[in-house]
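Here's the letter readout for the chains.
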Amino acid sequence: MFELAAGGKSNKEIASDLDIAVATVKMHRANAFEKMSVHSSIEALHKLNAVKDKDR
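With respect to the side chain of Arg29
Looking at the secondary structure, you find Arg29 in helix 3 (residues 22-36). In contact with Arg29, other than residues within four places in its own chain, are Met1, Ala5, Asn11, Ile14 and Ser41.

As for the environment of Ala44
Considering the arrangement of structural elements, one finds Ala44 in helix 4 (residues 41-55). The class of Ala44 is buried, set by a relative accessible area of 0%. Linking Ala44 and Ala32, residues 12 residues apart in sequence, is a C-alpha distance of 8.5 Å. Residue contacts for Ala44: discarding those within four places in its chain leaves Phe2, Phe33, Met36 and Val38.

Comments concerning helix 3
For an α-helix the count is 3.6 residues per turn, leaving residues at separations of three or four pointing the same way. Between its first and last C-alpha, helix 3 extends 21 Å over 15 residues, near the 21 Å set by a 1.5 Å rise per residue. Restricting attention to buried positions, one finds in helix 3 the residues Val25, Arg29, Phe33 and Met36. Buried residues of helix 3, viewed axially, fall in a sector of 70°; they line one side. In helix 3, those exposed residues whose orientation departs by more than 90 degrees from the buried face are Ala23, Met27, Glu34 and Lys35.

Quick notes on the rules
Residues numbered from 1 in each chain as written. Predicted model: local features only at pLDDT ≥ 70, side-chain atom pairs only at ≥ 80, totals over all residues. Heavy atoms only, no water. Helix = DSSP H or I, 4+ residues; strand = E, 2+ residues; numbered from the N terminus. Contact = heavy atoms within 4.5 Å. Buried < 20%, exposed > 50% of the residue type's maximum accessible area, 1.4 Å probe, protein only. Expected span 1.5 Å × (residues − 1). Arc of directions from axis to C-beta.

If you want it as structure tokens, here you go:
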């Protein structure tokens, strides 16, 4: 989902691509943000990139 958001897609576009409701996208993002201890998509992407870089 974050890869789709990073590509500039809106919640509505992500929901359409995944064939789920917009509310479901919002809930998944909120749950992921809480687990990652972040407050925005930008923070989440930075954190994900840091983990990817660490694994290389």
